[in-house]
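Topology and contacts: notes
Chain by chain, the residues:
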Amino acid sequence: MVGSTWAALGLSLTCISAFSLISPAWFQTPTFSFGVLTYCSWPQGDIWNQSCRTFRSLDDIPDFAWKVSAALLLGGWLLLAFSAILLLAWALAPTALCPRRGSGQTAGAEVAAATTTAVGLLVFPISLASPFAKQVCGASSVYHSGQCQLGWGYVTAILNAVLASLLPMIRWPRVTKVQGKTVFFSSDTDKIILMPEMSK
């Protein structure tokens, strides 16, 4: 039961991360918005008549910092997806087949995903100094959006990175010492394992 909860949480964070990556609403003006992989434009006052385009490769992305950010964010998403698929596999596999479910591999992938994503999120605003962003946002510069406003896509990506960084800390196995015996509490197996005290 606990394993399937972590798998569902990991899968939902992966989906939210993918949704924020393809969102064009990271920075926006009244007639234009752009994100890491997509940008949209529309006539003044007619937001329902959008014309959107996608950067098909890293070569199409207009700035080096933007390319680095895209690579880091996609790498973080892949690590998060790997972790979620691994958690799902452990949740569905029989206990006899996987006795040490989620014991370190997913936590390491989740920490790497959260770190990579956080670095990518910090690098992306450097691209506000690019000619593309200056054309859209006016007097934008590094970490200054000019006439552009922060959009919901960037905020969603930040919240997703925070939740992804908390996931391995919440799930970390707890160890308690009780009357000379080490007691391991593992939320993945829902069992208490008593270990005899080792002589020093």
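In what follows, the accompanying structure is described. Keep in mind it's a predicted model, so treat the numbers as computed, not measured.

On the surface, a cluster of nonpolar side chains totalling about 530 Å² of accessible area is made up of Ile158, Val162, Leu163, Leu166, Met169 and Ile170. Along the chain, Val162 falls in helix α5 (residues 152-171). Relative accessible area serves as the criterion here: at 41%, Val162 is assigned to the partly exposed category.

Summarising the element assignment, Gly153 is placed in helix α5. Distance from Gly153 to Ile22, taken between C-alpha atoms, is 8.6 Å for residues 131 residues apart in sequence.

Taken in spatial order, the five strands of this open sheet run β4-β3-β2-β1-β5, and their pairing is antiparallel. Lying at the two open borders of the sheet, with one neighbouring strand each, are β4 (51-54) and β5 (149-150). Here three bridges tie strand β2 (residues 32-34) to strand β3 (residues 38-41), and the two strands are oriented antiparallel to one another. Among the inter-strand pairings, Phe34 is bridged to a residue of β3, identified as Tyr39.

Another aspect to go through is helix α2 (residues 64-92). In a regular helix each residue adds 1.5 Å, so 29 residues correspond to 42 Å; α2 covers 42 Å between its end C-alpha atoms and thus fits that length. Turning to α2, its buried residues are Ala65, Trp66, Ser69, Ala70, Leu73, Gly76, Leu80, Ala81, Ser83, Ala84, Leu87 and Trp90. The N-terminus of α2 is capped by Asp63, whose side-chain oxygen sits 3.4 Å from the backbone nitrogen of Ala65.

By size, the foremost hydrophobic cluster in this structure holds 23 residues, and its most contacted members are Trp26, Phe34, Val36, Trp66 and Phe124. By residue number, the principal contributor to this core is helix α4 (residues 131-137), which donates four residues. Residues within four places of Trp66 in sequence aside, it is in contact with Phe34, Gly35, Val36, Phe55, Ile61, Phe124, Ser127, Ser130 and Phe132. Core analysis: the second largest hydrophobic core is formed by nine residues, Ala7, Leu13, Ala113 and Leu167 among them.

Before going further, it helps to spend a moment on the state of the cysteines. Per the counting criterion, the structure on display carries two disulfides. Across the disulfide, Cys40 is cross-linked to Cys52 (sulfur-sulfur distance 1.9 Å). Every disulfide takes its handedness from the sign of the S-S torsion; for Cys40 and Cys52 that torsion is 110°, giving right-handed. Of this pair, Cys40 sits in strand β3 while Cys52 sits in strand β4, placing them twelve residues apart in sequence. A sulfur-sulfur distance of 1.8 Å marks the disulfide that ties Cys137 to Cys148. Measuring the twist about the S-S bond at about -85°, one finds the Cys137-Cys148 disulfide to be left-handed. Of the two residues, Cys137 is situated in helix α4 and Cys148 in the loop between α4 and β5; the sequence distance between them amounts to eleven residues. A relative accessible area of 4% places Cys148 in the buried class.

Rules used in this analysis
- Sequence order sets the numbering: in each chain, residues are counted from 1 along the sequence as written.
- Thresholds applied to this predicted model are a pLDDT of at least 70 for local features of residues and 80 or more for the giving and counting of side-chain atom pairs; totals over whole chains, interfaces and linings are not thresholded and use all residues.
- In computing side-chain values, all of the structure's heavy atoms are included and hydrogens and water are not.
- What goes into a patch is any residue over 30% in relative accessible area without a salt bridge, connected to like charges within 9 Å or, for nonpolar side chains (Val, Leu, Ile, Met, Phe, Trp, Tyr), within 5 Å.
- Here the open area of atoms and residues is found with the Shrake-Rupley method and a 1.4 Å probe, where only the protein chains shown may cover a residue.
- We count a salt bridge whenever a side-chain nitrogen from Lys or Arg sits within 4 Å of a carboxyl oxygen from Asp or Glu.
- Secondary structure elements follow DSSP: runs of H or I of four or more residues count as helices, runs of E of two or more count as strands, with numbering from the N terminus.
- Exposure is judged per residue with a 1.4 Å probe applied to protein chains only, and the accessible area is read against the type maximum: over 50% gives exposed, under 20% gives buried, and values in between give partly exposed.
- Pairing between two strands is assigned when DSSP locates at least 2 bridges connecting them.
- Residue count minus one, scaled by 1.5 Å, sets the expected span of a helix.
- Any N or O atom pair separated by 3.5 Å or less is treated as a polar contact, with the protein-specific requirement of one donor-capable and one acceptor-capable atom, and with residues adjacent in sequence counted only for side-chain atom pairs.
- By nonpolar core is meant a set of buried Ala, Val, Leu, Ile, Met, Phe, Trp, Tyr and Cys residues that side-chain atoms within 4.5 Å join together.
- Contacts between residues were defined by any pair of non-hydrogen atoms, one from each residue, lying within 4.5 Å.
- In this description, a disulfide is simply a cysteine sulfur pair whose atoms lie within 2.5 Å.

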